[in-house]
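# Residue-level structural notes
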Amino acid sequence: IAKELKRTHPNKYIGVLAYEKYFNPPELKFPDNLVVCICYRRQDLRDLQKKKNIENIIKAYKNKNAKILVWVYELFNHIPPMRGIPVCYPNIAKENINFNLKNNVIGEKAEGWYYSGGGDQYVKPYDFGLPASTHLNDYVRCQLLWNPSLDVKALLDEYYKLFYGPSEKEMRSFWELAEKLFIKNGEATVYTANDLKAFENLITKALKKTNPKTIYGQRIKLLKDELAPFFKTM
């Protein structure tokens with residue numbers, strides 16, 4: 001197909017997906033108009049062995065001189081009862097995006113959709129998932145794709161100040177706790193009651209420091225409302 005495409009449309013490319021049972025590169029010479037899209041869960045990079053496997057796959061395609069795209073799953077905590085737990089991993093994103101940049105990856109597609117329609121915990125979906133509890137990963141990712149050398153700490157310092165206003169300190173602690181627990185537990189390991197209480201206490205403190213009519217108060221309240229059914233289930 002690639003050979004015929006090159007004859008009829010010499011400036012076009014054919015794209016193929018590499019994931020699941022055909023994740024590894026095949027033993028054949030790749031045509032120069034082929035683009036391989038490698039699919040993986042960026043969240044899996046918290047696991048050192050999975051991280052090594054994913055990086056080795058990307059290197060293997062690079063060694064075959066393939067043009068590479070990646071299709072990453074940004075928020076894949078769909079397994080009950082972990083649906084809706086706040087997941088944050090800005091430093092993993094920084095490291096991975098810079099690794100990809102050095103290994104023939106020319107672009108990225110991210111899938112961060114969240115939808116719950118099950119009887120265990122019905123949540124009315126927004127048009128774009130759960131924005132309050134999922135947007136931070138996307139914000140950091142997009143900033144890094146624009147500038148991979150970005151200082152993530154400085155980026156987050158600015159974010160907490162501008163996004164949460166007078167509750168900057170509490171919400172910084174909230175998201176840093178989310179990152180710490182995710183690195184420790186992953187997204188499919190039940191968090192303790194104390195973990196959930198720590199999240200709730202930080203949100204309560206943050207709400208007390210803001211006027212509920214301001215944009216800061218509304219943002220924190222939206223986060224609280226999004227998390228409530230998931231915390232209840234857990």
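Structural data are supplied above this passage.
Now for a look at the structure at hand.

What counts, and where the lines are drawn
- Residues numbered from 1 in each chain as written.
- Predicted model: local features only at pLDDT ≥ 70, side-chain atom pairs only at ≥ 80, totals over all residues.
- Heavy atoms only, no water.
- Axes fitted to C-alpha atoms, helices over the stretch in contact; angles between N-to-C directions.
- Helix = DSSP H or I, 4+ residues; strand = E, 2+ residues; numbered from the N terminus.
- Parallel < 35°, antiparallel > 145°, perpendicular 65-115°, else oblique.
- Left-handed = near helix turned anticlockwise from the far one by under 90°.
- Contact = heavy atoms within 4.5 Å.
- Disulfide = S-S within 2.5 Å.
- Expected span 1.5 Å × (residues − 1).
- Buried < 20%, exposed > 50% of the residue type's maximum accessible area, 1.4 Å probe, protein only.
- Arc of directions from axis to C-beta.
- Polar contact = N/O pair within 3.5 Å; in protein donor to acceptor, adjacent residues only side chain to side chain.
- Core = buried A, V, L, I, M, F, W, Y, C linked by side-chain atoms within 4.5 Å.

### Observations concerning the packing of helix H5 (residues 152-164) against helix H6 (residues 168-185)
- Running from amino to carboxyl end, H5 crosses H6 at an angle of 125°, the nearest separation of the two axes being 9 Å. Classified by the angle between their axes, H5 and H6 sit oblique to one another. The handedness of the crossing between H5 and H6 is right-handed. On the side of H5, the interface is formed by Asp157, Tyr159, Tyr160, Lys161 and Tyr164, while H6 contributes Glu168, Met171, Arg172 and Trp175.

### What about the state of the cysteines?
- One pass over the full model with this rule turns up zero disulfides.
- A disulfide-free cysteine, Cys37 has its sulfur positioned 4.7 Å from the sulfur of Cys39, the nearest such atom.

### Focus: helix H2 (residues 48-63)
- Taking 1.5 Å per residue, 16 residues should reach 22 Å; H2 reaches 22 Å between its end C-alpha atoms and fits that length.
- Taken residue by residue, H2 has Lys51, Ile54, Glu55, Ile57, Ile58 and Tyr61 as its buried positions. When H2 is viewed along its axis, its buried side chains cluster within an angular range of 150° and face the same direction. Away from its buried face by more than 90 degrees, H2 exposes Leu48 and Asn63.
- Check the buried side of H2 and you find it contacts strand S1 (14-18), strand S2 (34-41), strand S3 (67-73), helix H3 (90-101) and strand S4 (105-111).
- Near the N-terminus of H2, the side chain that reaches the backbone nitrogen of Gln49, with its oxygen 3.0 Å away, is that of Asp47.
- After H2 finishes, the residue Asn65 shows a positive phi value of roughly 60°.

### Quick look at the nonpolar core
- Residues Ile38, Tyr61, Phe174 and Trp175 are the most contacted members of the largest nonpolar core, which totals 53 residues.
- Counting residues per element, this core draws most heavily on H6, which supplies seven residues.
- When sequence neighbours within four positions are dropped, the list of residues in contact with Phe174 reads Pro86, Phe199, Leu202, Ile203, Leu223 and Leu227.

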